[in-house]
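# Descriptive structure summary
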Amino acid sequence: MKPNYYGTPIRISHRTGPRYAIWIKRIIITVILIAAVLAGLLQIRSPRPAGTDAPPESFSSARAMEKVEMIAREPHPSGSSAHAQVRDYIIAELEHLGLHPEIQEANVAPGVSKRYSGKLENIVVRIPGTNSSKPLMLAAHYDSVATAPGAADDGSGVAAMLETARALQASSPLKNDLILLMTDGEEHGMLGAKAFVSEHPWAGDVGLVLNFEARGNKGPSFMFETSDQNGWIIREFTRAAPSPVAYSLIYNLYKLMPNDTDLTKFKEGGMPGLNFAFGVGLNAYHTELDTAANLDPSSLQHQGDYMLNLARHFGNQDLNQVQQQDRVYFNTIGWSMISYPKSWIPWFTGLAVLLFIATVWHGIYARRVQWMGLVGGLFVSLLTLVVIYGINTLLWGLLRSGISEDRYQQILMDPQVSVYYLAGSLLVTLLLAILIVRVGSRFIRSENIWLGAMTLWLLLCVGTSIYLPGGSYVFTWPLVFSLIGLNLLFFMEEEARGWLSTLFAVPGFVLLTPICYLIYYLLTLNMAGALMVIAALAFSLIFPLFCRPRKAHRDIFG
């Protein structure tokens, strides 16, 4: 090894040591990485369902499931006789709780909507508070598509609202008025929500709305959308939700997509709010599989826990002024969340840039980094992403052309089948990354490869800070931690690169694992190329682990 200005580097490991020590080291590194992935997966889980013996003031998915079974006995699209039966059932349940539901009728004239014309019937209840600032509104739609019984979409939201109303009636009253809104015509273009916003006299009173949806029949419930100027709402949400799962990256990406829910109409009407949905089990979405028997009780419990706890929290807050500077927010370990104001992003990005510059200077000063080597390391990182995207896209194209379309859709939509294809794609991605880095390390020393990968992360950090601020955390914090590890390596032998890159990659794996999970379940493996690029970015944090021993370098690029 070349001498540096620090004299003899700290000796961490010896390649001449017993072979079993090398294997122990590899096992420990593997365990650390698996633990980081599992820590990331712990963020995205549902609470345990509560039985019918749960205390009366708490939410019970078992009690709510009884209501789902009644609501989702058969498809009940707007205007159908089955839909009228569901309407009557909901009204009877509300009256049984001592409430006084009203029907808001609205007519959709022919030509106004391409999907539906006729009468709509929103179900509305207002529960008076003891000293109301502005009303809190809970919303879900009670119509289904014609092809599905609608247990998850959105019988789960309506049943959760009925169970929440029961639990609230069994406990102390709220300060704020509480409006329960079950909209009609959501599946035809949010027609009921639009009618409520434009025609109902209570619409102008609402201080905050919580909307509940579903795009599958299982999995954790995500808070996936907020209104603008969400700072206060997010801060209170993280305090009150018992098992929050939320990422500002998802909200930023959702705003770029054409998808809409009832909350879209509420926001257009000036109502601030939050949107919740679970989305695993896409094969049940709008199909005959969307039954009560197939609905995950844990998902229903998650929706209900949100609804009841947030109703109690926001129902006792002053809702006159809820708008505040947007915040970045994300889960860390389990249901623990971090959030900070959007105005802090430039400072954190600046920190990452300064640390990167200091790391380059440190590496050059220690004679462990060369400019051409850094460029070579960046090239290796970019080449890895391009090859991984191309190979995975090609393989999935070949798979689709070699099987029937029905079988291909089953692979995409059925989690019990797709998980094996996901594992195969991840294995291909890992092997490609190891191969490319292994070859590249014949000509470029590991420190340059590591710093080259960090250059790519720096570009992504700066880019997201400007164009996708809610997602900047995904690149900022893994970059900062890995740069710290790289600086420590300059004081040590090159053989320490595996340990250091692994330890300081843990935050990156914790943050990127749920992103991969979301892409996999919400966008399916039809996006395998893009998904594997995200996985490759995580692997780039441990590129030094894939490098050849120092003696194998030819040092063409330093």
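These numbers come from a predicted model, not from an experiment.

For the chain, the count of helices and strands is 18 helices and nine strands. Computed over the C-alpha atoms, the radius of gyration of the chain is 27 Å, within 12% of the 24 Å expected from 2.2 N^0.38 for a compact globule of 558 residues. Taking as baseline every contact in the chain between residues at least 6 positions apart, the subset at least 24 positions apart corresponds to 82%. Of the roughly 22900 Å² that the chain leaves accessible, carbon and sulfur atoms contribute 61%. Where the 42 positive side-chain charges of the chain centre and where its 42 negative ones centre are 19 Å apart.

Bringing empty space enclosed by the protein into the picture now. Under the counting rule described, the total for this entry stands at two cavities of 30 Å³ or more. Space inside the largest cavity adds up to approximately 60 Å³. Along its surface, the largest cavity is lined by Gly281, Leu282, Leu412, Met413, Asp414, Pro415, Ser418, Tyr520, Tyr521 and Thr524. Where the lining of the largest cavity is concerned, the elements lending two or more residues are α12 (405-413), α13 (415-440) and α16 (497-523). For the lining of the largest cavity, the per-class residue count stands at six nonpolar, three polar and one charged. Computed from the structure, the second largest cavity encloses a volume of approximately 40 Å³. The wall of the second largest cavity is formed by Tyr340, Ile345, Phe348, Thr349, Ser465, Ser472, Tyr473, Thr476 and Trp477. Per-class residue counts for the lining of the second largest cavity are five nonpolar, four polar and no charged.

The subject of this paragraph is the sheet that holds strand β4 (residues 178-183). One open sheet holds the seven strands; their spatial order is β1-β2-β4-β3-β5-β7-β6, and the pairing between them is mixed. The sheet is open, and its two edges are formed by β1 (102-108) and β6 (218-226), each paired on a single side. Strand-to-strand twist in this sheet, taken as the mean axis angle between neighbours without regard to direction, amounts to 20°. Pairing analysis gives six bridges linking strand β5 (residues 208-214) to strand β7 (residues 273-280), with the strands arranged parallel. Across the sheet, Ala214 pairs through a bridge with Phe278, a residue of β7.

Moving on, we come to the pattern of salt bridges. Counting across every chain of the model gives 13 salt bridges. For Arg166, the salt bridge is made with Glu163, and the minimal N-O distance between the two is 2.9 Å. Remark: Glu163 and Arg166 occur in helix α4 (residues 151-169); sequence separation between them is three residues, near one turn of the helix. For the pair shown, Arg166 and Glu163 are each scored as buried. Among the ionic contacts, a cluster of salt bridges with common partners joins Arg87, Asp88, Lys119 and Glu121.

Turning next to the environment of Gly157. Among the structural elements, Gly157 can be located in helix α4. What makes Gly157 buried here is its relative accessible area of 0%. On a C-alpha basis, the gap between Gly157 and His141 in space is 7.4 Å, while along the polypeptide they are 16 residues apart. For Gly157, the residues in contact, after removing those within four places along its chain, are Ala140, Phe212 and Met307.

Where helix α1 (residues 19-41) meets α16, the axes come as close as 7 Å, and the angle between the chain directions of the two elements is 30°. Compared by their axis directions, α1 and α16 come out roughly parallel. The chirality of how α1 crosses α16 is right-handed. Between α1 and α16, the contacting residues are Lys25, Ile28, Ile29, Ile32, Leu33, Ala36, Val37, Ala39, Gly40 and Leu41 on the first element and Gly498, Trp499, Thr502, Leu503, Val506, Phe509, Val510, Thr513, Pro514 and Tyr517 on the second. Taken together, the residues that form the contact of α1 with α16 break down as 15 nonpolar, four polar and one charged.

Attention now goes to the packing of aromatic side chains. The final tally for this structure, using the stated rule, is 19 aromatic pairs. Their ring planes at 5° and their centres at 6.3 Å tell us that Tyr340 and Trp344 sit as a pair that is stacked. With relative accessibility at 44%, the residue Trp344 sits in the partly exposed group. Aromatic pair Phe348 and Trp477: ring centres 4.8 Å apart, planes at 65°, arrangement edge-to-face. Remark: Trp477 occurs in helix α15 (residues 473-489) and Phe348 occurs in helix α10 (residues 345-365); sequence separation between them is 129 residues. Among the aromatic residues, those joined into a ring-pair cluster are Phe330, Tyr340, Trp344, Phe348, Tyr473 and Trp477. Arg45 extends its terminal NZ or CZ atom over the ring of Trp335, reaching a point 4.0 Å from the ring centre. Its guanidinium or amino end placed over the ring of Trp202, Arg126 lies 5.3 Å from that ring's centre, counting from NZ or CZ.

Further remarks concern a nonpolar patch on the surface. Together, Ile391, Leu394, Leu395 and Leu398 make up a nonpolar patch on the protein surface, roughly 340 Å² of accessible area in all. Relative to the helices and strands, Ile391 is located in helix α11 (residues 371-402).

A few words on the side chain of Thr332. Relative to the elements of secondary structure, Thr332 occurs in the loop between β8 (327-331) and β9 (337-341). Residue Thr332 is classed as buried on the basis of its relative accessible area, which comes to 18%. Setting aside chain neighbours within four positions, we find Thr332 in contact with Ala39, Gln43, Met337, Ile338 and Val510.

Turning our eyes to something else, we now look at the side chain of Lys265. Take Lys265: it is sitting in helix α8 (residues 262-268). Those residues within four positions of Lys265 in sequence are excluded, and the remaining contacts are Gly189, Met190, Ala193, Lys194 and Val197.

Our focus in this paragraph is the nonpolar core. Across soluble globular proteins, nonpolar side chains show a tendency to be buried alongside one another. The biggest cluster of nonpolar side chains holds 154 residues, and the ones touching the most others in it are Ile90, Leu180, Phe237, Met454 and Tyr473. Broken down by element, this core gets its largest block of residues, 14 residues, from α16. Residue contacts for Tyr473: discarding those within four places in its chain leaves Tyr247, Ser248, Leu249, Val328, Tyr329, Phe330, Tyr340, Pro478, Leu511 and Ile515. Counting 14 residues, the second largest nonpolar core, distinct from the first, contains Val124, Ala193, Ala203 and Met271.

Rules and cut-offs
Residues numbered from 1 in each chain as written. Predicted model: local features only at pLDDT ≥ 70, side-chain atom pairs only at ≥ 80, totals over all residues. Heavy atoms only, no water. Helix = DSSP H or I, 4+ residues; strand = E, 2+ residues; numbered from the N terminus. Rg over C-alpha atoms; globule rule 2.2 N^0.38 Å. Contact = heavy atoms within 4.5 Å. Areas by Shrake-Rupley, 256 points an atom, 1.4 Å probe, with all protein chains shown as cover. Lys, Arg positive; Asp, Glu negative; His and termini not counted. Charge placed at Lys NZ, Arg CZ, Asp CG, Glu CD. 1 Å grid on protein atoms, 1.4 Å probe; cavity = no way out; pocket = protein on both sides within 12 Å on 5 of 7 lines; lining within 4 Å. Points joined across faces, edges and corners; volume = space filled by probe spheres on them. Nonpolar A, V, L, I, M, F, W, Y, C, P; charged D, E, K, R; others polar. Pairing = 2+ DSSP bridges. Axes fitted to C-alpha atoms, helices over the stretch in contact; angles between N-to-C directions. Salt bridge = Lys/Arg side-chain N within 4 Å of Asp/Glu carboxyl O. Buried < 20%, exposed > 50% of the residue type's maximum accessible area, 1.4 Å probe, protein only. Parallel < 35°, antiparallel > 145°, perpendicular 65-115°, else oblique. Left-handed = near helix turned anticlockwise from the far one by under 90°. Phe/Tyr/Trp six-rings, centres within 6.5 Å; stacked < 30°, edge-to-face > 60°. Lys NZ or Arg CZ within 6 Å of the ring centre and 35° of its normal. Patch = residues over 30% accessible without salt bridge, like charges linked within 9 Å, V, L, I, M, F, W, Y side chains within 5 Å. Core = buried A, V, L, I, M, F, W, Y, C linked by side-chain atoms within 4.5 Å.

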